[in-house]
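Inside the fold
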Amino acid sequence: MADIDFYTNPMSRGQIIRWALHEVAADYEQHILDYGGAIRSADYLAINPMGKVPAIVCGKDIVTECAAICAYLAEAYAEAGQMPQAHERADYYRWMFYAAGPVEQAIVANAMGWSVPDDKQAMVGFGNYDRVVDVLDDFLQGRDYVCGDRFTMADVYFGSQIVWGVEFGSLPKRGSFDAYADRLRARPAHRSAKAIDTGLIASMQSSSSG
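What comes next concerns the included structure. (Residues numbered from 1 in each chain as written. Predicted model: local features only at pLDDT ≥ 70, side-chain atom pairs only at ≥ 80, totals over all residues. Heavy atoms only, no water.)

1. Regarding the overall build of the chain
Operational definition: The helix count covers DSSP runs of H or I at least four residues long, the strand count covers runs of E at least two residues long, and both are numbered beginning at the N terminus. Radius of gyration means the value over C-alpha atoms here, while the globule rule gives 2.2 Å times the residue count to the 0.38 power. We call a residue buried when its accessible area falls under 20% of the maximum for its residue type, exposed when it is over 50%, and partly exposed in between, using a 1.4 Å probe and counting protein chains only. Contacts: residue pairs with any heavy atoms within 4.5 Å of one another.
When its secondary structure is counted, the chain shows eight helices and four strands. Reading the helices (α) and strands (β) of the chain from amino to carboxyl end gives β-α-β-α-β-β-α-α-α-α-α-α. A compact globule built from 210 residues would reach a C-alpha radius of gyration of about 17 Å, and the chain, at 18 Å, matches this within 12%. When its C-alpha atoms are laid out on the principal axes, the chain stretches across 45 × 40 × 30 Å. The burial tally for the chain puts 45% of its 210 residues in the buried class. The long-range fraction of contacts in the chain, counting pairs at least 24 apart against all pairs at least 6 apart in sequence, stands at 63%.

Below is the structure:
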């Protein structure tokens, strides 16, 4: 019996959590939920009342929200070395949750074509999209990972925002983004997790077209 039940859809943010699971070498069982029915079932809504993926169940623990799941896995599998060391904690927590808040808000708002009036920017967590992009670019200058020269779980969540932005154009072209994304995509855990989700997507598309 697997240690973790992982609820996901390959065409979702569940890709972030599969990567995290592979980084800590967790023993997990995947449950692929379709958007048409299973994700709205009473059984799944008991796990996540929001009716969205991903979610994990580990014993009696239920964890949702990607940043929270990443932080939980890093601590639950501390032997994998993904937790911050004492001198890394500030960057680790600051930038993981910056990605969960201002970065995601800014990218979604930009994709939706929403602009924040200049006199209202103090009311939102990200100010404006261009400011967030510049903050990310400045931060990644001269460092390999969120905590400097060592990969941690913060790079899974924060880094997923950058990788997604580079691959799908939700972030503008910046050298720091490309270099960081390349480092992350070269990781064996990222490659193995991505291969699973890519295969699942191909199978789902083949089934729907057939």
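2. Description of the pattern of salt bridges
Selection rule: A carboxyl oxygen of Asp or Glu within 4 Å of a side-chain nitrogen of Lys or Arg is what we treat as a salt bridge.
In total, this model carries 12 salt bridges according to the counting rule given. R174 is paired through a salt bridge with D137; the nearest N and O atoms lie 2.9 Å apart. In this pair, R174 sits in the loop between helix 6 (153-168) and helix 7 (175-185) while D137 sits in helix 5 (residues 129-140), placing the two residues 37 residues apart along the sequence. For R174, a relative accessible area of 23% gives the class partly exposed. The salt bridge involving R183 is made with D144; its shortest N-O contact spans 3.9 Å. Here D144 lies in the loop between helix 5 and helix 6 and R183 lies in helix 7, a separation of 39 residues in the sequence. Given the relative accessible area of 36%, D144 is considered partly exposed. It is possible to trace a salt-bridge network through shared partners that takes in D134, D137 and R174.

3. So, helix 5
Selection criterion: A helix is expected to span 1.5 Å for every residue after the first. Throughout, the arc means the angular range of directions from the helix axis out to the C-beta atoms.
Taking 1.5 Å per residue as the helical rise, helix 5 with its 12 residues ought to reach 16 Å, and the 17 Å between its terminal C-alpha atoms agrees with that figure. Among the residues making up helix 5, those that are buried are Y129, V132, V133, L136, D137, F139 and L140. Considered in projection along helix 5, the buried side chains sweep an arc of 165° and stay on one side of the axis. Exposed residues pointing more than 90 degrees away from the buried face of helix 5 are listed as D130 and D138.

4. Considerations on the side chain of S170
Here S170 shows up in the loop between helix 6 and helix 7. Once residues lying within four places of it in the same chain are set aside, the contact partners of S170 are I107, Y129, W164 and G165.

5. Things to note about the packing of aromatic side chains
Here the distance between the centres and the angle between the planes together describe a pair of aromatic rings. Heads up, the rule is: In summary, the pairing rule links any two rings of Phe, Tyr or Trp, Trp by its six-membered ring, whose centres are within 6.5 Å, and it sorts them by plane angle into stacked for under 30 degrees, edge-to-face for over 60 and tilted for everything else.
Counting across every chain of the model gives 12 aromatic pairs. Ring centres of Y7 and Y44 lie 5.6 Å apart, and the angle between their planes is 45°; this geometry places the pair in the tilted category. Taken as a pair, Y7 in strand 1 (residues 4-8) and Y44 in helix 2 (residues 42-45) lie far apart in primary sequence, 37 residues in all. Neither Y7 nor Y44 differs from the other in exposure class; each is buried. With centroids separated by 6.2 Å and ring planes inclined at 85°, the aromatic side chains of W95 and F158 adopt a geometry described as edge-to-face.

6. What to know about the state of the cysteines
Here, the word disulfide means a covalent bond between the sulfur atoms of two cysteines. The following threshold applies: Defined by distance alone, a disulfide is two cysteine sulfur atoms within 2.5 Å.
Using the criterion set out here, one finds zero disulfides in the structure. Of the cysteine sulfurs around C70, a residue in no disulfide, the closest is that of C66, at 6.5 Å.

7. Structural notes on the packing of helix 5 against helix 7
Geometry of a packed helix pair, given as the angle between the helix axes and the separation of the axes. Let me state the cut-off plainly: Think of each axis as a best-fit line through the C-alpha atoms, taken over the contacting stretch in the case of a helix, with angles from 0 to 180 degrees between the N-to-C directions. In these notes the angle categories are as follows: under 35 degrees is roughly parallel, over 145 is roughly antiparallel, 65 to 115 is roughly perpendicular, and the rest is oblique. Crossing handedness is defined as follows: a turn of the near helix away from the far one that is anticlockwise and smaller than a right angle gives a left-handed crossing, while the clockwise case is right-handed. When residues are grouped by polarity, Ala, Val, Leu, Ile, Met, Phe, Trp, Tyr, Cys and Pro land in nonpolar, Asp, Glu, Lys and Arg in charged, and all others, Gly among them, in polar.
Close contact between helix 5 and helix 7 brings their axes to 9 Å; oriented N to C, the two are set at 60°. Taken as axis vectors, helix 5 and helix 7 run oblique relative to one another. Both helix 5 and helix 7 take part in a crossing whose hand is left-handed. Across the interface between the two elements, V133, L136, D137 and L140 of helix 5 pack against S176, F177 and Y180 of helix 7. Classifying every residue of the contact of helix 5 with helix 7 by side-chain character gives five nonpolar, one polar and one charged.

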